[in-house]
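# Per-entry structural report
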Amino acid sequence: MNLLRLSWKNLTFKPLSMLLSITLFALGVGLISLLFLVQHQLEEKFEKNLAGIDLVIGAKGSPLQLILSSMYHVDAPTGNVPLGGVKPFLNPKHPLIETAIPISLGDSYKTFRVVGTTNDILDIYEAKIAQGKAWEQNFEVTIGANVARDLGMSLGDTFSSSHGFMEDDNLGHDHTAFKVVGILEQNGTVLDQLILTTNQSYWLTHDHDGESAPVAAPEEEEEEDHDHDEDGHDHDHGNEGHNHDEDGHDHAHELEPVKPLLEEPEDKQITSLLVKFKGRNYQALNMQRSINENTEMQAATPAIEINRLYKLMDSGEQALRILAIVIIFVSALSIFISLLSSLRERQYELALMRVMGSSRSKLFNLILCEGLLLAIIGWGVGLLMSHGGMQIFAGKLAESYGYDFSGWIFLPQEWFVLLGSLLLGVVAAIIPAVKASQTDISETLLKD
Amino acid sequence: MLSTHNLSFAFDSSASKKLSFPDFTCPTGEHWLLLGQSGSGKTTLLHLLAGLRSPRTGTVTINDTALNELKGAALDRFRGQQIGVVFQEPHFVRALTIGENLALTRQLAGLPPAPKIIIDLLEQLNIAHKKDDLPQALSVGERQRAAIARALVNEPSLILADEPTSALDDQNTEQVVQLLQTQATNANATLLIVTHDNRLKSIFKQRIEL
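Please read these numbers as outputs of a predicted model, since none were measured by experiment. (Residues numbered from 1 in each chain as written. Chains lettered and ligands numbered in written order. Predicted model: local features only at pLDDT ≥ 70, side-chain atom pairs only at ≥ 80, totals over all residues. Heavy atoms only, no water.)

Attention now moves to the overall build of chain B. Each helix and strand in chain B was counted, giving six helices and 10 strands. Of all 210 residues assigned to chain B, the portion counted as buried reaches 53%. At a minimum sequence separation of 6, the contacts of chain B that also span at least 24 residues come to 71%. Working note: accessible area of chain B is about 8900 Å², and carbon and sulfur atoms make up 48% of it. Taking the average place of the 20 positive charges on the side chains of chain B and the average place of its 21 negative ones, the gap between the two points comes to 5 Å. (Helix = DSSP H or I, 4+ residues; strand = E, 2+ residues; numbered from the N terminus. Buried < 20%, exposed > 50% of the residue type's maximum accessible area, 1.4 Å probe, protein only. Contact = heavy atoms within 4.5 Å. Areas by Shrake-Rupley, 256 points an atom, 1.4 Å probe, with all protein chains shown as cover. Lys, Arg positive; Asp, Glu negative; His and termini not counted. Charge placed at Lys NZ, Arg CZ, Asp CG, Glu CD.)

Let's shift gears to the interface of chain B and chain A. On the side of chain A, 29 residues touch chain B, which itself brings 28 residues to the contact. Summed over both sides, the interface of chain B with chain A buries roughly 2600 Å², with 63% coming from carbon and sulfur. Considering only the side of chain B, the residues that lose the most area to chain A are H91, R94 and L108 of chain B, jointly responsible for 27% of the buried surface there. At the junction of chain B and chain A, the tally comes to five salt bridges. (Buried area = accessible area lost by both parts, 1.4 Å probe. Salt bridge = Lys/Arg side-chain N within 4 Å of Asp/Glu carboxyl O.)

Residue and element names in this part refer to chain A. In this model, helix α13 (residues 413–437) (25 residues) spans 35 Å end to end at C-alpha, consistent with the 36 Å of a helix rising 1.5 Å per residue. Three or more residues of α13 are buried, namely E414, V417, L418, S421, G425, A428, A429, P432, A433, A436 and S437. Of the surrounding elements, those touching the buried residues of α13 are α2 (15–50), α10 (302–345), α11 (347–355) and α12 (360–401). (Expected span 1.5 Å × (residues − 1).)

Turning next to the environment of Q82 of chain B. All names here are of chain B. Looking at where Q82 falls in the secondary structure, it is placed in helix α2 (residues 72–82). Looking at Q82, the relative accessible area reads 23%, which means it is partly exposed. Along the backbone, Q82 and A161 are 79 residues apart, and their C-alpha atoms lie at a distance of 14 Å.

Residues and elements named next belong to chain A. Ranked by size, the top nonpolar core spans 40 residues in total, and within it Y72, I121, L122, L191 and L196 carry the most contacts. Where this core is concerned, the elements lending two or more residues are α2, α3 (63–72), β3 (97–109), α5 (120–124), β10 (194–197), α10 and α12. Not counting the four nearest positions on each side in its chain, L122 is found in contact with A127, I129, A134, W135, L184, L191 and L196. (Core = buried A, V, L, I, M, F, W, Y, C linked by side-chain atoms within 4.5 Å.)

Turning next to the pattern of salt bridges. In this structure the tally under the stated criterion is 20 salt bridges over all chains. Of the charged contacts in the structure, one is a salt bridge between E305 of chain A and R308 of chain A, with a shortest N-O distance of 3.0 Å. Note that E305 of chain A and R308 of chain A are positioned in helix α10 at a spacing of three residues, about one turn of the helix. Using a relative accessible area of 8% as the deciding quantity, one classes E305 of chain A as buried. For the salt bridge of D197 of chain B with R199 of chain B, the shortest nitrogen-to-oxygen distance reads 2.9 Å. Classification of R199 of chain B by relative accessible area gives partly exposed; the value is 32%. Residues joined by salt bridges that share partners form a network here, namely R5 and K9 of chain A together with E100 of chain B.

Residue and element names in this part refer to chain A. Checked against the element boundaries, L24 lands in helix α2. Remark: the alpha-carbon pair of L24 and I335, spanning 311 residues in sequence, is separated by 9.3 Å. In contact with L24, other than residues within four places in its own chain, are I327, V330, S331 and S334.

A word on unusual backbone geometry. Residue and element names in this part refer to chain B. Positioned with a positive phi, N6 is a non-glycine residue whose angle comes to about 55°. Along the chain, the position of N6 falls in strand β1 (residues 2–9). Even without glycine at this site, N126 takes up a positive phi of about 65°. On the secondary structure map, N126 appears in the loop between α4 (115–124) and α5 (140–153).

Structural data, given as structure tokens:
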């Protein structure tokens, strides 16, 4: 019968009061630890997906929205920009720009976004191909690991994308068959949940649909399209050029070589451009201002916008943090009160223990042990609650945003929470423990 | 052996309420009765003898050890090992079974665990079947016997009993006194019963009157 077991027996002798103390403590600890988890994982996602991108150029609107839609693929795009406007930035000879990645958005397949872009995006996110190859031709797609996992897709599978980001069969571009030519390795970035294809595929699907938004391919484009052919290639696909299409499907463009966007007509549209500078200098900063002031487009800095987002989230987190602290304070109070009241009931018992040879310090340790036990169990239950909660929350997040969160990540901060819990247990138990150690045996025994 | 010399006690510093106790000596193995009316300071004297309080003057000596020379944890340990006390009301650590209470008694006194002693004691006192019950599941008589078991489990050299029979009927009284005497004799312990119960007078030859 050591001290720990005796403490445990004393606590479980009053199970309801123990339950109350532990529940309150666990709620407080759980909330704090959940905040840590959410914050850590959100920031991790945001940081990882920054991928060294210095500037995002897109249609005017909310800069945060532009960043969220073009880099994190969570919000709707702000609109489209004509290729003519961004062509200067696509020029590999641009003195300031190291990489510029064109992004076309607007379609999805079973909630996973189809992104028209160039192979360069793989480099900036440091993505590796797990199977197959990167997309080269129109209507070839390389899919993220989560897409392959969740939809059970493999190389050679074909599918039709649908318009918009919701799963809606009525908006399907039924006659456009994308073909999976590659699957990416999971690397924890946003690419995990994307379907990547060429920018031109976007124009082609939307040309056939005769639709315009959000990738607003101009209606007359079909006719004009081929007038601009500088390189003499005959890549008709509208009315006449399907002689080599054996199955009669309208998929002639699958075999066309894809030109660099620089060579595409200026009135074609893309959604945005992710820009990586050669170095962040005065000129680079100036470029952003100049785009915002002198063009119909906007340029936004991801780091600044994400910091703005953090600040927005921070006020909410602050409120939750205060709530958690209040709950923890109340739980400490509950431990204090339950120990003190049990002490009053057990006074005779404690005096008896002194008669049986227990020293003052043993009684002190006993009560302290009871407080610490409550705190440690509360901490454990709280952690279980927060991680379990996070795991459930992660499922919901994955459903609506495609991002992978996990409840089974343990942070070093949680050791500090344990330390804080122990401290709180000691603080709550110290007065009852001192009182217990000061029990006057003789007087307590006489009282009865 | 238990002896007192020039023992006095006061609840506060004013000398008016001072209680003075006669000197007496109880040789090892003898059974004594300490008689006195209510308010004569019987329980106070018992607390002084058990080292639960410090006397104002005088000394209590148990087996050549003067209690007032021991301090703090050393006194607690000496008390736990040398003195067994039976109180008027049998109290236990409520969250522990009778068996666990007895085990705790040995542990608190710093003695090695002795399940055999515990079982034997409970059997002699006829409550072995209550070993795994919580104290509140026992009847008053069973609890009193369990309290005697607790007073004896550390094999003390001195057993002090404070009005052990005041709440008991004649039959139980006789039984409890007999148990106390038998157990004290078996352990060769000095037994001192503090009481105002006249039923006990006929049983004990050695008496101290306050």
